[in-house]
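Close look at the chain arrangement
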Amino acid sequence: MRRISLALALTGAVTAACSGGAKSSDGSGKGVPGGSFTVVVQNGQAINGAPANPGLAIQGGYVTSTPAGIDCGIAGHALCSATFPADTAVSLTATPVGTDPANSQAYLFLGWAGDCQGEGACSLTGASDKYIVVMFAGQRTGHGNFTDPAAHGPAYLNYSLGVAGALDCTSCHGANLQGQGIAISCATCHSWPLGGHFVLGGAFGSHNSGDCARCHNGSAFRDFTGADGTASQVLSATMPKPTLDNTTFPTTDPGVTMLCSSCHNPVTEPIAGAGTWTKQHVFTSFPVNNTLTLDASTALCAQCHDGARPGYEVAKLNAQLTGVTDLDASLGTAGAGNNKLVRAHYLPAASTLYGEEAGSYFEYSIACSVAGKYTQADCTAAAGTWKGAQMSDTAAERNNYTGRNEHGGLNSCVSCHNPHTGELPKDSEILARCGGCHNDELTGLPVRTFAELEESRQFGFEGDIDGDGVPGSVKVEINGLRAKLLATITSYAKNVTGTQVCFDGENRFYADDGANGGIAGDGICATASCSLGDGYHDSATCTAAGGTWYAGETNSPNFTARLLRASYNFLIATNDEGAWAHNPRYAIEVMYDAIADLNAGLVAKGFTASPNGNRAFNGHFGAAEDASKYAAIIYHGASNATTLESLPPMGFTSGACYQCHGGKGGFQAYISTMPAALTSAVITDANKIAAFQCSVCHTYNGTDMKGIRTDVAKVYFPPQKNGAGGEVSFDAANLPKSFAVCGTCHSARENKASVDAKGLVSGTFSATLVNPHYLGAAATVMGTRAKSWYEYDGKSYTAFPAFWKSGTNGNAPGPHGSPHGAECTGCHQPKATKHEFGVDFTYCAGCHAGNYALAPKEEEYASMKAELLAALDAYAQANLTAFQAANGADATGICYDGSVYGYVLVKKATGCSATGAKLDLNAMKAGYNLHWMNKDPGGWAHNEYYVMQLVYDSIKDLGGTPSFTVTASSTDATLNRP
């Protein structure tokens with residue numbers, strides 16, 4: 001038996017089901033005498049003596065013919081053979097139906113085999129019988145009816161036994177079955193040109209020795225992954241070095257090119273993870289080799305797409321930076337020792353995809369604990385701790401960086417890439433594959449072409465990122481930031497090191513010194529050339545013709561620590577052309593920080609800093625644009641930081657803060673422990689994922705991530721009190737569907753019990769304000785049910801806002817036909833606001849007009865805040881002696897500033913100070929409610945009457961007279977004021 005049979009039977013290699021031409025009933029292939037021919041579509045049936053093989057049945061669609069006769073495929077389409085008069089033009093049409101259970105993707109038509117080829121129209125005519133194979137699958141990873149060994153093995157057996165009507169394996173696997181699915185004759189069945197992972201010579205044939213061979217040599221790859229029975233992640237000492245002419249497919253396996261068996265074998269089989277290996281990948285990075293468990297397909301891809309060229313990755317970079325005592329000093333003789341370029345290898349998609357978790361880029365930390373000290377001597381003199389130029393081995397010390405980009409649930413490389421060619425989805429597939437999440441920027445409709453996908457913005461990436469003032473697509477913004485990094489590298493090299501540099505456009509920096517035919521300082525790396533022109537491509541032919549051969553600018557730059565690590569990040573980000581899709585946030589972070597670090601050196605040496613972009617992102621997806629405000633991540637936002645030290649501090653070391661400000665890592669951890677608070681920030685490489693990702697709030701349903709997660713069983717007001725501080729909880733089933741997820745963090749941190757626990761009395765000013773925390777909108781919506789504002793004893797308060805329909809869980813529709821009910825996303829629409837979660841008031845205008853207009857309500861809210869502050873100030877002045885005894889003789893009253901810690905502050909003759917005022921019981925209760933109004937700026941909409949009642953009672957308790965009344969109920973007078 002031919003040697004391929006065992007491989008096919010064991011692995012079900014993903015290959016085409018093709019014929020070498022159909023045969024007529026007598027085996028001649030000349031049709032039926034009398035002027036007719038028969039068209040047969042393979043559907044697992046017995047054909048011309050070959051026994052039935054149900055494993056070959058069509059999955060995921062059907063085929064019809066014009067003229068009628070063929071209607072063959074899934075259930076209900078059983079007409080798989082038809083006879084037509086000779087020379088009749090017969091056209092076949094393939095229609096995909098349903099979802100592929102193997103990957104939860106909609107079935108696609110992949111193409112024809114047999115007497116029709118490729119993916120175009122199938123047109124038949126003549127007098128000989130025709131044999132057709134149709135292929136459907138949810139992904140372009142193979143043919144759904146041939147991935148099962150039980151189907152493929154018997155098909156091969158019929159061929160090897162010479163059974164009449166058997167599929168002709170040689171039409172796909174080569175004359176000697178040497179190709180295992182990738183012989184030159186693949187073009188018979190595949191519309192894509194032979195290339196990608198199957199290229200002969202080129203990337204695979206030119207690197208067949210040493211460690212390079214593991215990714216440039218098919219046999220070496222199988223050896224490295226353990227598919228040959230040897231240890232995984234270990235490469236044998238010697239590998240074959242065959243010579244190919246790039247046109248002839250060898251009759252024996254030389255190992256130079258990838259074969260189907262390189263991936264499809266009993267050890268590494270990626271289909272449904274059927275292999276026996278651990279599906280782990282070791283990212284060769286610093287401080288440790290990070291071993292991540294991946295899905296089977298991604299684990300295979302990552303073996304080579306991790307950017308690791310032996311000795312040239314971040315571990316090597318770190319070794320060269322160890323012991324550096326001056327960030328801006330030369331690392332020695334250019335091109336020798338530690339003063340030489342460190343570069344990652346090509347297409348490092350896995351390193352970008354896994355970001356912080358892989359640690360393959362250089363991630364920055366502060367070299368000295370005292371800002372602005374860039375030498376060990378200066379740091380020590382300033383009583384600081386010198387931490388060095390290398391990448392810190394402590395995750396919490398490094399700047400915050402994004403971990404794995406989960407890409408909306410598409411968690412495998414093959415979710416987007418054809419595993420055999422590396423190709424991305426065709427335009428005909430974009431709507432089904434990408435349109436569920438990505439919308440065209442101009443029309444707002446789901447993207448339909450790859451060009452539209454490239455031009456789109458991803459949620460959270462709105463605004464200008466590259467600093468040119470013009471928002472563009474994520475791809476454009478990343479390319480713009482990369483250009484800024486290159487400009488900063490050039491400026492730093494010229495001004496600080498005195499050696500200008502140029503980038504060769506591929507993977508190296510050289511000294512732009514004018515050597516060997518170059519022009520110094522032109523920014524262009526001169527390549528090898530002949531003085532006689534382009535017709536002379538090597539030294540021998542050039543000099544033989546009397547010309548001068550120039551080797552080009554190939555001298556090494558003079559690196560400092562800053563220049564070396566910035567160059568490394570530029571090269572690895574440049575080598576991943578798909579960084580805009582793989583992990584745009586991580587790519588932006590490392591390039592932004594590289595610019596900021598180089599600028600620190602420029603400024604320290606008296607030169608002008610280069611322009612930077614924006615590291616900050618909007619809404620839940622990143623840091624606040626305003627660095628003075630906290631954001632939903634561990635890293636406080638920053639825009640256009642001049643130097644690394646001018647970035648705001650990371651902060652958030654407590655678990656209580658981390659659970660909502662630690663992005664996915666914190667939120668996920670809290671969900672698993674609630675209602676108990678996290679006890680620490682648990683900042684590790686594994687969970688240090690800056691900002692939210694889609695999976696924080698959504699679950700992948702096989703098509704998109706539009707479904708809200710359902711594993712948050714209760715919402716606590718406020719969380720972390722564990723009952724001791726008056727905490728109340730509500731079952732998620734009794735709340736609007738998005739409320740449980742949103743309310744988990746938008747529930748405030750304090751309540752009435754927190755204020756009462758201070759033990760204050762009237763007239764004694766002794767405690768600063770209790771801070772209920774930010775954006776506690778869910779607590780406001782819940783009103784007196786949550787009791788998160790300060791409710792005065794003996795008073796009744798509103799429970800349900802006007803948009804919560806009585807007797808329901810708050811889901812839409814609400815009262816009076818409201819389309820949103822109490823659903824958080826009813827007003828804070830994710831799509832309309834691109835997940836920034838503001839309010840698109842144009843959406844509201846249809847209902848909220850005239851007497852129901854919203855603008856007057858917002859104005860009324862602002863007026864009430866001012867009135868309450870005035871009453872609070874008047875109260876302090878009325879009790880000035882006691883107030884000054886606690887807050888200083890120069891205190892004149894109370895003022896408020898929501899951006900200054902303390903918030904309710906001491907007013908002086910010179911204005912509002914930055915000192916939190918000490919308050920008595922009355923001032924604390926009113927100040928707490930005032931602060932609530934500022935920290936829930938939408939309180940006027942979230943629960944209008946509840947807030948008005950609280951403000952009214954606060955002013956009254958301070959001895960004031962409110963200028964407004966509250967008519968909250970026509971049936972319960974206790975809810976009205978007065």
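For the structure, see preceding data.
The structure presented is a predicted model; accordingly, all values stated were derived computationally and were not measured. (Residues numbered from 1 in each chain as written. Predicted model: local features only at pLDDT ≥ 70, side-chain atom pairs only at ≥ 80, totals over all residues. Heavy atoms only, no water.)

Before going further, it helps to examine the overall build of the chain. Scanning the chain from N- to C-terminus turns up 31 helices and 24 strands. A burial count over the chain gives 53% of its 978 residues as buried. Looking at the chain alone, contacts between residues at least 24 apart form 64% of all its contacts between residues at least 6 apart. Taken as a whole, the chain presents about 38,900 Å² of accessible surface, with 55% of it coming from carbon and sulfur. (Helix = DSSP H or I, 4+ residues; strand = E, 2+ residues; numbered from the N terminus. Buried < 20%, exposed > 50% of the residue type's maximum accessible area, 1.4 Å probe, protein only. Contact = heavy atoms within 4.5 Å. Areas by Shrake-Rupley, 256 points an atom, 1.4 Å probe, with all protein chains shown as cover.)

Moving on: the side chain of Glu477. Looking at the secondary structure, you find Glu477 in helix H14 (residues 474–497). Polar contacts involving the side chain of Glu477 include one to the main-chain amide nitrogen of Asp466, which spans 2.8 Å. Setting aside chain neighbours within four positions, we find Glu477 in contact with Arg457, Gly463, Asp464, Ile465, Asp466, Val470, Pro471 and Gly472. (Polar contact = N/O pair within 3.5 Å; in protein donor to acceptor, adjacent residues only side chain to side chain.)

A complete count under the given rule lists 15 salt bridges for this structure. A salt bridge links Arg562 to Asp597, with the nearest nitrogen and oxygen atoms 2.7 Å apart. One end of the pair, Arg562, is in helix H16 (residues 561–575); the other, Asp597, is in helix H18 (residues 584–604), with 35 residues separating them in the sequence. Using a relative accessible area of 1% as the deciding quantity, one classes Arg562 as buried. By relative accessible area, which is 2% here, Asp597 ends up buried. Where Arg565 meets Asp597, a salt bridge forms, and the shortest distance between an N and an O atom there is 3.0 Å. With a gap of 32 residues between them, Arg565 in helix H16 and Asp597 in helix H18 connect regions that are remote in the sequence. Each of the two residues, Arg565 as well as Asp597, counts as buried. Beyond isolated ion pairs, a larger network of salt bridges with shared partners links Asp328, Arg562, Arg565 and Asp597. (Salt bridge = Lys/Arg side-chain N within 4 Å of Asp/Glu carboxyl O.)

Here 4 strands make up an open sheet; going across it, the order is S5-S1-S11-S9 and the pairing mixed. Only two strands of the sheet have a single neighbouring strand rather than two, namely strand S5 (81–85) and strand S9 (108–114). The average angle at which neighbouring strand axes cross in this sheet is 25°, direction not considered. Judged from the 3 bridges that link them, strand S1 (residues 36–41) and strand S11 (residues 130–137) form a sheet pairing that is parallel. For Val41, the partnering residue across the bridge sits in S11 and is Ile132. (Pairing = 2+ DSSP bridges. Axes fitted to C-alpha atoms, helices over the stretch in contact; angles between N-to-C directions.)

What follows concerns the state of the cysteines. Working definition: the covalent bond between the sulfur atoms of two cysteines is a disulfide. As enumerated under the stated definition, the model contains 6 disulfides in all. Put simply, Cys116 and Cys122 are joined by a disulfide, and their sulfur atoms are 2.0 Å apart. Measuring the twist about the S-S bond at about 80°, one finds the Cys116-Cys122 disulfide to be right-handed. Of the two residues, Cys116 and Cys122, both sit in the buried class. The partner cysteine of Cys530 in its disulfide is Cys542, sulfur to sulfur 2.0 Å. Looking down the S-S bond of the Cys530 and Cys542 bridge, the torsion is 80°, so its handedness is right-handed. With Cys530 in strand S16 (residues 529–530) and Cys542 in helix H15 (residues 539–544), this pair connects stretches of sequence that are 12 residues apart. (Disulfide = S-S within 2.5 Å.)

So, about the sheet that holds strand S6 (residues 90–96). The sheet built from 5 strands is open, its strands ordered S4-S3-S2-S6-S10 with antiparallel pairing. With one partner strand each, in any of the chains shown, strand S4 (78–79) and strand S10 (122–124) form the two edges of the open sheet. Across 6 bridges, the pairing between strand S2 (residues 61–66) and S6 is antiparallel. Opposite Ser65, over in S6, you have Leu92 as the bridge partner.

A few words now on the environment of Pro772. Inspection of the secondary structure assignment puts Pro772 in the loop between helix H23 (752–756) and helix H24 (777–782). Judged by its relative accessible area of 0%, Pro772 falls in the buried class. The sequence separation of Pro772 and Arg749 amounts to 23 residues, and the corresponding C-alpha distance is 5.2 Å. Ignoring any residue separated from it by four or fewer positions in sequence, one finds Pro772 in contact with Ala748, Arg749, Glu750, Tyr928, His931 and Trp932.

In a pair of packed helices, the angle between the axes and the distance between the axes together describe the arrangement. Running from N to C, helix H27 (residues 855–878) and helix H29 (residues 921–935) point in directions that differ by 155°, and their axes come no closer than 10 Å. Here H27 lies roughly antiparallel to H29, going by the angle between them. Judged by the sense of rotation from one axis to the other, the crossing of H27 with H29 is left-handed. Between H27, through Tyr861, Met864, Lys865, Leu868, Leu869, Leu872 and Tyr875, and H29, the contact on the second element is made entirely by Asn922, Ala923, Ala926, Gly927, Asn929, Leu930, Trp932, Met933 and Asn934. In terms of residue class, the contact of H27 with H29 is built from 11 nonpolar, 4 polar and 1 charged. (Parallel < 35°, antiparallel > 145°, perpendicular 65-115°, else oblique. Left-handed = near helix turned anticlockwise from the far one by under 90°. Nonpolar A, V, L, I, M, F, W, Y, C, P; charged D, E, K, R; others polar.)

In this section: the pairing of S1. Across the 6 residues that make up S1, a large majority, 6, are buried. Here S1 shows no split at all, with Ser36, Thr38 and Val40 on one side and Phe37, Val39 and Val41 on the other all buried. Direction of pairing for S1 relative to S5: antiparallel, over a ladder of 5 bridges. Residue pairing in the sheet places Val39 in a bridge with Ala82 of S5.

This part takes up H27. Helix length check: H27, at 24 residues, gives a terminal C-alpha distance of 35 Å against a target of 34 Å (1.5 Å per residue), a fit within 8%. Of the positions making up H27, those classed as buried are Tyr861, Met864, Glu867, Leu868, Ala871, Leu872, Asp873, Tyr875 and Ala876. For H27, the secondary structure elements touched by its buried residues are helix H28 (880–887), strand S22 (891–896), strand S23 (904–908), H29, helix H30 (939–942) and helix H31 (944–957). (Expected span 1.5 Å × (residues − 1).)

A separate point is the packing of aromatic side chains. Under the counting rule described, the total for this entry stands at 20 aromatic pairs. When the ring of Phe503 is compared with that of Phe509, the centres are 5.5 Å apart and the planes differ by 45°; the resulting orientation is tilted. For Phe503, a relative accessible area of 17% translates into the label buried. Residue classification places Phe509 among the buried residues on the basis of a relative accessible area of 3%. (Phe/Tyr/Trp six-rings, centres within 6.5 Å; stacked < 30°, edge-to-face > 60°.)

In this section: the pairing of strand S24 (residues 911–916). Pairing of S23 with S24 involves 3 bridges; the strand directions are antiparallel. In the strand pairing of S24, Leu905 is matched with Gly916. Taking the residues between adjacent antiparallel strands as the criterion, S23 and S24 are bridged by 2 residues.

What follows covers the packing of H29 against H31. The geometry of H29 relative to H31 is characterised by a closest axis approach of 9 Å and an angle of 150° between their N-to-C directions. Between H29 and H31, the interaxial angle falls into the category roughly antiparallel. Two packed elements cross with a definite hand, and for H29 against H31 that hand is left-handed. Across the interface between the two elements, Asn922, Lys925, Ala926, Asn929 and Met933 from H29 touch Val947, Leu950, Val951, Ser954 and Asp957 from H31. Of the residues in the contact of H29 with H31, the class split is 5 nonpolar, 3 polar and 2 charged.

Geometrically, the link from Phe717 to Pro718 is a cis peptide bond, its omega value of -20° lying close to zero. By secondary structure assignment, the location of Pro718 is in the loop between strand S20 (714–717) and strand S21 (728–731). Cis geometry is found at the peptide bond from Ala812 to Pro813, where omega equals 0°. Of note in this structure, Tyr903 is not a glycine but carries a positive phi near 65°. Along the chain, the position of Tyr903 falls in the loop between S22 and S23.

That's the geometry; what it means functionally is another story.
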